[in-house]
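Notes for the structure review
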Amino acid sequence: MEISRVGVVGLGTMGSGIAQVCVQAGLEVVGREVTSELGEKARSRIDHYLSRGVEKGRLTQDEKEAALGRLCLVTDLTEVASCQLVIEAAFEDLEVKRGLFAELAAAVAPDAILATNTSALSVTEIAASTESPQRVVGMHFFNPAPVLPLVEVIRTAQTSDEVFDAAYAFAQRIGKEPVACNDTPGFIVNRILIPLLNDCVRVLDEARVAPEDVDRAMRFGANWPIGPCALIDLIGIDVHVHASEALHAALGPSLPRRGYAATRTARALAWRRCELAAGAGFCPA
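Presented here is an overview of the structure given in this document. (Residues numbered from 1 in each chain as written. Predicted model: local features only at pLDDT ≥ 70, side-chain atom pairs only at ≥ 80, totals over all residues. Heavy atoms only, no water.)

Some details on the overall build of the protein chain
- Regarding its fold elements, the protein chain presents twelve helices and eight strands.
- A burial count over the protein chain gives 47% of its 285 residues as buried.
- Sequence-distant contacts in the protein chain: of pairs separated by 6 or more residues, those separated by 24 or more amount to 68%.
- Just so you have it, the protein chain exposes about 13600 Å², and 54% of that area is on carbon and sulfur atoms. (Helix = DSSP H or I, 4+ residues; strand = E, 2+ residues; numbered from the N terminus. Buried < 20%, exposed > 50% of the residue type's maximum accessible area, 1.4 Å probe, protein only. Contact = heavy atoms within 4.5 Å. Areas by Shrake-Rupley, 256 points an atom, 1.4 Å probe, with all protein chains shown as cover.)

Below you can see the structure in the form of structure tokens.
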């Protein structure tokens with residue numbers, strides 16, 4: 001299938017980043033938000049990051065304007081009907097995503113691909129809300145999407161080979177580094193990373209060390225490019241807690257407590273979030 005127009009449903013941090021990647025790759029993008037105000041906020045965010053690219057010499061002013069010109073903002077979900085690929089990047093709530101996919105399946109062409117950017121939910125359960133689960137695939141971009149090259153391309157037991165191959169090729173086309181994965185809790189990166197970050201949070205309390213020292217230890221002792229506490233701040237505390245709880249719900253009872261028991265981590269994160277100034281994280285800005 002030739003993909004020339006992409007729908008992006010949900011234009012928050014992840015959705016606007018995905019939309020930016022697509023317009024910079026020369027694709028027409030139909031970006032859908034629930035209100036015009038949220039849509040314009042996303043356009044401003046994309047404009048800001050493209051302008052920074054111009055300032056740094058990564059693209060010209062003409063290229064920036066051309067990219068923005070390929071972005072069309074809508075509030076009506078049915079206006080993605082002409083897209084060959086729709087990427088859902090809505091809030092990480094299973095019922096929200098299932099509702100969207102049921103509507104999308106009825107709106108787009110029968111051969112259009114439906115992708116979810118979920119980082120923690122079951123792609124299989126999302127696909128079950130449609131009458132054609134064979135055309136549903138996971139495409140998990142990483143934040144910030146215009147910067148991080150990885151895309152986990154997730155196949156369910158029902159995903160057709162044609163749909164999976166098309167999604168994988170699309171990720172390559174827009175300059176990403178795709179990896180193939182079956183629909184298992186946490187996929188690849190979060191299955192490994194979330195338990196590790198949770199243990200790093202436990203160390204703050206058990207070893208009585210400062211977040212900055214945990215970060216320095218991992219940067220200078222394990223050659224991490226960013227410390228675990230700074231990484232949680234980048235991901236977002238709320239996002240990390242949600243992903244931890246989803247992974248623990250799926251795998252916790254059958255795996256070692258320290259690896260996957262997210263409850264204590266969630267409490268520690270919530271406590272620190274409330275203790276610090278609004279919008280702050282572990283590490284000072």
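Quick look at the packing of helix α7 (residues 189–206) against helix α9 (residues 228–235)
- The N-to-C vectors of α7 and α9 enclose an angle of 120°; their axes lie 10 Å apart at closest approach. Taken together, α7 and α9 sit at an angle that is classed as oblique. Note that α7 runs across α9; the crossing there is left-handed. From α7, Leu 193, Leu 197, Cys 200, Val 201 and Leu 204 reach across to α9, where they touch Pro 228, Cys 229, Leu 231, Ile 232 and Ile 235.
- Of the residues belonging to the contact of α7 with α9, the class tally is ten nonpolar, no polar and no charged. (Axes fitted to C-alpha atoms, helices over the stretch in contact; angles between N-to-C directions. Parallel < 35°, antiparallel > 145°, perpendicular 65-115°, else oblique. Left-handed = near helix turned anticlockwise from the far one by under 90°. Nonpolar A, V, L, I, M, F, W, Y, C, P; charged D, E, K, R; others polar.)

What to know about the state of the cysteines
- Counted according to the given criterion, the structure contains zero disulfides.
- With no disulfide of its own, Cys 83 has Cys 72 as its nearest cysteine by sulfur position, at a separation of 8.9 Å.
- Classification of Cys 83 by relative accessible area gives buried; the value is 2%. (Disulfide = S-S within 2.5 Å.)

Brief notes about helix α8 (residues 211–221)
- Every buried residue of α8 is accounted for by Pro 211, Val 214 and Asp 215. Projected down its long axis, α8 carries its buried residues within an arc of 100°, all on one side. The exposed set on the far side of α8, more than 90 degrees from its buried face, consists of Phe 220 and Gly 221.
- Packed against the buried residues of α8 are α7 and α9. (Arc of directions from axis to C-beta.)

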